[in-house]
Amino acid sequence: MPKIAYFMNTYPIISTTFIRREIAALERSGLSITRYAVRHWDGELVDPDDISEKQKTHYLLTQNTIGLFLSFLTEVLTNPGGVIRALGPWIGVLRNARGGIVRHIAYLLQAASLRRRSKAD
């Protein structure tokens, strides 16, 4: 069965009904969809389909601080070449950002976590 991933900043939220419907249609057509999001929405979900989607979504930041660091450490140990290749562009982005180093460290950790999780999935 073909597999694809959806990666979103925040999912599900009440304004992403169209994404939920698109994912459902793709699954009905035979695709396997894995959902990834940076964080969950803090608002209350009332639609049963949104509640179900929340259970199916893998979150990178939400309740995963230790997991982010462990994923990055594992990536350094098992894929040092990939980490080294990623550091050049990351440093360039960091320089252009003019601050916000904590946020950009989080982006790097999220990238490592997403790579490991999607590879496992």
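Notes on the structure follow. Given the structure is predicted, the values throughout are model-derived calculations rather than measurements.

**Quick word on the pairing of strand β1 (residues 3-10)**
The side chains of a regular strand alternate, residue by residue, between the two faces of the sheet.
Move 1: Here 7 bridges tie β1 to strand β2 (residues 32-39), and the two strands are oriented parallel to one another. The residue bridging K3 from the neighbouring strand is S32, located in β2.

**Re the pattern of salt bridges**
Move 1: Applying the stated rule across the entire model yields 9 salt bridges.
Move 2: Taking the shortest distance from any N to any O, the salt bridge between R115 and E75 comes out at 2.5 Å. Highlighted residues: R115 in helix α5 (residues 101-120) and E75 in helix α3 (residues 65-78), separated in sequence by 40 residues.
Move 3: Exposure remark for E75: the relative accessible area of 4% places this residue in the buried category.
Move 4: Between R116 and E75 there is a salt bridge, and its shortest N-O distance comes to 3.0 Å. Taken together, the positions of R116 in helix α5 and E75 in helix α3 put the pair 41 residues apart, joining distant regions of the chain.
Move 5: Exposure remark for R116: the relative accessible area of 29% places this residue in the partly exposed category.
Move 6: Here the residues in one salt-bridge network are R20, D47, D49 and D50, joined through shared partners.

**Here we look at the packing of α3 against α5**
Move 1: Two elements in contact, α3 and α5, have axes separated by 8 Å at closest approach and are oriented at 70°. The pairing of α3 with α5 is recorded here as roughly perpendicular in orientation. Residue-level contacts link L68, F69, S71, F72, T74, E75 and T78 of α3 to L108, L109, Q110, A112, S113, R115 and R116 of α5.
Move 2: For the contact of α3 with α5, the residue count by class is 6 nonpolar, 5 polar and 3 charged.

Conventions we followed
- Residues numbered from 1 in each chain as written.
- Predicted model: local features only at pLDDT ≥ 70, side-chain atom pairs only at ≥ 80, totals over all residues.
- Heavy atoms only, no water.
- Pairing = 2+ DSSP bridges.
- Helix = DSSP H or I, 4+ residues; strand = E, 2+ residues; numbered from the N terminus.
- Salt bridge = Lys/Arg side-chain N within 4 Å of Asp/Glu carboxyl O.
- Buried < 20%, exposed > 50% of the residue type's maximum accessible area, 1.4 Å probe, protein only.
- Axes fitted to C-alpha atoms, helices over the stretch in contact; angles between N-to-C directions.
- Parallel < 35°, antiparallel > 145°, perpendicular 65-115°, else oblique.
- Contact = heavy atoms within 4.5 Å.
- Nonpolar A, V, L, I, M, F, W, Y, C, P; charged D, E, K, R; others polar.

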